Structures are given as structure tokens and as C-alpha cells.
Amino acid sequence: MSEQRFNIDVENINAEFCGSSTGYADERVLVSLERAQGFGKLKNLPKRLPVGCRRGGCGICRARILEGNYKRDPMSREYVTLEDEKEGLVLLCAIYPLSDLKVRLEPKCVKNVEANSQSLEI
Amino acid sequence: MAMTGVLRPGFIQIRVMDMEAAKEHYIKRIGLHQVMEGDDGRVYLKAADEFDHHSIVLRKADDAGCDLMAFKVLDEETLDGFKKRIEDYGIEVDEVRAGEQPGIGRRISFVITSGHRIELYSNCDQSDPKPGIFNSHIWSVEPHGMRARRFDHALFYGPDIDGVLDFFTKVLDFKLAEKVQMPDGLLGIWLTCGMKAHDIAFVKHPEPGKFHHVSFELENWNDVGRAADIITNFNISIDIGPTRHGITYGQTIYFFDPSGNRNEVFAGGYTYYPDLPTRAWDERDVGKAIFYYERQLNEAFLSVVT
Ligand code: FES
Ligand SMILES: [Fe+2]
């Protein structure tokens, strides 16, 4: 287990500051944010922190890296295209901090959906 | 016993982003066996209680998800009959040559209105390990990992659930064992082609062709608990459980493979007979229908798919 700790600041989609988590070099950024949420440290989130597969497949934890360096695991091209990648978009569950980070949550891109179909919320 | 037509789920082809991690997960943790690796890199796996050549196909890709699910039908004549019925229904059918997947004969392949590719075939080889048939033991290779006994079913997400129901019941002769009916229409359908509570299920979702989970059957509730120990011990990403589904009665855990595809291991479930009525749930009890102990849906159930 790595003892190297980093500070991770998170903003919501409207660029409002939500809070910070302590990240570790060998821990997925999303997992550190789940812990911060558990300690009540994340505010201003529209619902809760978007957590799904935690393995880079479902795209729900899409975010933009505003500052800092990170290492990456494979992440689904369906949700992070090459252009997205150049712009600094990532899936938070598939990156590990190499420095302090500042991240902003981004909506999951939904593909092939007809304009008139509504997404389902219960 | 009069089971004809579509017999059972045969195999499912899953996209993974890291093949080595996927093999470790499905073989060492779920407890499957590798049958072979194809020339194109696809990896063919099976559970020890299955006779047929393979049931899980892993394909390396740059995203996660499911390429197709295939069902085994009684014989070639039945296969030709289904081909005609599907075309008459207005769905285009592709022929897939024998050997496109090792050990599997000719397949027919088509895309249903929810955006999922479904296939049928009748001929396939057997492979080892498989159950013995003469003075045999209950296994030939010692069970390992979660001790999955078989690939059981899959749940898919996509649009036009009503159309999918019409197709599966009218053209493939499936039965609707269970459904969730919301005020604005059908939310989910659990379809069976035999005596299991379900062989394939669909939930309404705006994006077509989405994959919710592939499910493996375990022997009993105690093995579900042991699977939960394995999930924590090996830091496998958990979704929910151990818990129970009101729908099917199955005792279950949802978790994710290393590429984010959801897996389920479960035990139990009721027996379906073709004369049984469809069981239904409405929005008041949809929580219990899906997660019987929590009595509410978790955030991920309706939104997290690959
Ligand atoms: S939680 Fe699924 S991609 Fe991050
Ligand atoms: Fe299931």
C-alpha cells in the first residue's frame, strides 16, 4: 500500500466547489471521493457522487481534470473518445493521482438516443 | 417432458479492455475453466457443470459491453424454422458459418429492436471439463473460486421493451414469467424458454444495445456468502448484495468485472411451468421486486450499464 497522499479538489458540473478528498497513489480517484462522501465532506452535488462499475466501463464517473497529474488504467472509448482524452476528460475510477488534483464532474455522454426518448428517473 | 424449440442460453460474448485481468477474474474468481484461446485472441470459457463447448467468450476491445447472446435450439430443422419465422416477422437474419466460434456449428444472427444481437444454433461440440455420465462423481475437476455451475442468463437494457416482448413470445416461443409495470408502461420483462424463472431479461432504457449483467448460478446460499468473501478479499468492485430478488426469488450479489461489466452470482429461484401465469409488480413495490431486503433500487440499478 502506498503512503503517498494527495489532495483532490472536486467541482460539480456548474463549476462550484464540492469539497476535497485525500487520494493515495495506488487508489482510484473515485474511491477516495466515495470515502470523502461517506465522511460528509462533499457538498453541492446534484444527487450523489456518480459511482457505477469503478472499473472504467460504464462511463458514469466522467470528469475533467483541471489541474494535476495522474496515471491511467484502460477506460471505455465509448465514453472517453480520443478527442475527449486530449481535452483532459477521464473516468475518475480509472485514474490514480500523481500529484494534487482538481477535477470537475462532467455529464456521461449518452449515445444513439432518439431526441424524443426520455431518460428514466425513479 | 416436452421441451422443444429454444432449449436454453448457450453462450454470451463479452467485450473486455484488459484480457489478462478478465481471464484472472472469470477463471480464478468466478471459477470458470478455459477451454481454448482462438487465433483472433478471443478466449473461450465454460463452467464445469456444462457439457457444451463453451458458454462465455471474452473479446478484447477498447470499450466494455456485450456483443451477442446465443441460444441453443433443438435441432437444425428447428433452426431453419426459426429463421423463416424471424424473417417473416420482418427482422433481417444473417448466417454465421460453422466454426466462426470454435466448437459451434452454423448460427443464425439478428438484431432485435432494443439494439441487441441475438443468435440461435443447434450443433456444437462438447469439451472438458464436463459432468460424467457413467458411475460418475459430482465433479471431475475440483471446484475453485466462486464455484459457478453454469452461465444462467443475462439482463439487457434498451428501448422498445413492448416490441422485444412481442418478438420473444410470438416468434421464439418464450414465456413471460414476470414483469414490472410502471404507470407509463412496461419497465422490465423476465422471459423464459424452459423451466427456469428466466433465461433473458430486458429493462427499458433510452440507449440501445446496453448490457446490465451476465449471471452465473451457484449451488446454494452458502456459496453466495462465500462469493461475497471472495469479492472483498480480492477487492472486486461491488454493486449490491448479498441480497435477494423478489423477482425470481434468487439470492444474489451484483459486482463488476475488471472492465466494468456487471456480473451476478445467484442461487435458488422458482421453477417455471409453461401454464403458469405471469407475475407482475407495479411502482409501489418495484424496490422489493429488484432488491427484496433493501426494498429500494440503488442508484446504479437503472443507470449503470456497459
Ligand atoms: S464508475 Fe463506471 S466508469 Fe467509473
Ligand atoms: Fe440476474
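Conventions used here
- Residues numbered from 1 in each chain as written.
- Chains lettered and ligands numbered in written order.
- Predicted model: local features only at pLDDT ≥ 70, side-chain atom pairs only at ≥ 80, totals over all residues.
- Heavy atoms only, no water.
- Helix = DSSP H or I, 4+ residues; strand = E, 2+ residues; numbered from the N terminus.
- Rg over C-alpha atoms; globule rule 2.2 N^0.38 Å.
- Buried < 20%, exposed > 50% of the residue type's maximum accessible area, 1.4 Å probe, protein only.
- Contact = heavy atoms within 4.5 Å.
- Areas by Shrake-Rupley, 256 points an atom, 1.4 Å probe, with all protein chains shown as cover.
- Lys, Arg positive; Asp, Glu negative; His and termini not counted.
- Charge placed at Lys NZ, Arg CZ, Asp CG, Glu CD.
- Core = buried A, V, L, I, M, F, W, Y, C linked by side-chain atoms within 4.5 Å.
- Domains from an automatic or database assignment.
- 1 Å grid on protein atoms, 1.4 Å probe; cavity = no way out; pocket = protein on both sides within 12 Å on 5 of 7 lines; lining within 4 Å.
- Points joined across faces, edges and corners; volume = space filled by probe spheres on them.
- Nonpolar A, V, L, I, M, F, W, Y, C, P; charged D, E, K, R; others polar.
- Phe/Tyr/Trp six-rings, centres within 6.5 Å; stacked < 30°, edge-to-face > 60°.
- Lys NZ or Arg CZ within 6 Å of the ring centre and 35° of its normal.

1. A closer look at the overall build of chain B
- Helices and strands together make up the secondary structure of chain B, namely 6 helices and 17 strands.
- The C-alpha atoms of chain B give a radius of gyration of 18 Å, which matches the 19 Å a tight globule of 306 residues would have.
- For chain B, the spread of C-alpha atoms along the three principal axes comes to 50 × 45 × 45 Å.
- Taken over 306 residues, chain B has a buried fraction of 58%.
- In chain B, the proportion of contacts linking residues at least 24 apart, taken out of those at least 6 apart, comes to 68%.
- Carbon and sulfur atoms make up 48% of the accessible area of chain B, which totals about 12500 Å².
- For chain B, the distance from the average site of its 34 positive side-chain charges to the average site of its 48 negative ones is 2 Å.

2. Topic: the nonpolar core
- In terms of nonpolar packing, the biggest core is built from 63 residues, with Ile-12, Ile-86, Leu-120, Phe-168 and Leu-172 of chain B touching the most fellow members.
- When residues are assigned to domains, this core turns out to be shared by domain 1 (6-121) and domain 2 (150-303) of chain B, each giving three or more.
- For Leu-120 of chain B, the residues in contact, after removing those within four places along its chain, are Val-6, Phe-71, Val-73, Leu-79, Phe-82, Ile-86, Arg-106, Arg-107, Ile-108, Phe-110 and Leu-172 of chain B.
- By size, the runner-up hydrophobic cluster in this structure holds 26 residues, among which are Val-10, Cys-18, Leu-42 and Leu-49 of chain A.

3. Quick word on empty space enclosed by the protein
Residue and element names in this part refer to chain B.
- Taken as a whole, this structure holds 2 cavities of 30 Å³ or more when the rule is applied.
- Taken as a whole, the largest cavity encloses approximately 110 Å³ of empty space.
- Secondary-structure elements contributing two or more residues to the lining of the largest cavity are β9 (150-158) and α5 (286-290).
- Taken together, the residues of the lining of the largest cavity break down into 8 nonpolar, 5 polar and 1 charged.
- Lining of the second largest cavity is provided by Leu-187, Trp-190, Val-203, Val-286, Ile-290, Leu-297, Phe-301 and Leu-302.
- Among the secondary structure elements, those contributing two or more residues to the lining of the second largest cavity are β11 (185-192), α5 and α6 (299-303).
- Its residues placed into classes, the lining of the second largest cavity shows 8 nonpolar, no polar and no charged.

4. Some remarks on unusual backbone geometry
- Cis rather than trans, the peptide bond between Asp-128 of chain B and Pro-129 of chain B has omega equal to -5 degrees.
- Across the junction of Gly-241 of chain B and Pro-242 of chain B, the peptide omega takes the value 0 degrees, indicating a cis bond.
- Note on placement: Pro-242 of chain B falls in strand β14 (residues 238-244).
- Unusually for a residue other than glycine, Ala-15 of chain A sits at a positive phi of about 65 degrees.
- With respect to the helices and strands, Ala-15 of chain A occurs in the loop between β1 (5-11) and β2 (17-24).
- By relative accessible area, which is 38% here, Ala-15 of chain A ends up partly exposed.

5. Considering the packing of aromatic side chains
- All chains considered together, the criterion is met by 15 aromatic pairs over all chains.
- Ring centres of Tyr-26 of chain B and Phe-216 of chain B lie 6.3 Å apart, and the angle between their planes is 55 degrees; this geometry places the pair in the tilted category. Here Tyr-26 of chain B, found in helix α1 (residues 19-29), pairs with Phe-216 of chain B, found in strand β13 (residues 210-217); they are 190 residues apart in sequence, far enough to count as distant. Exposure class is identical for Tyr-26 of chain B and Phe-216 of chain B. Each is buried.
- Here the aromatic residues Phe-71, Tyr-89, Phe-110, Phe-156, Phe-167, Phe-168, Phe-174, Phe-202 and Phe-211 of chain B are joined through ring pairs into a cluster of three or more.
- Sitting over the face of the ring of Tyr-96 of chain A, Lys-71 of chain A holds its NZ or CZ atom 4.6 Å from the ring centroid.
- Sitting over the ring of Phe-234 of chain B, Arg-29 of chain B keeps its end group 3.5 Å from the ring centre.

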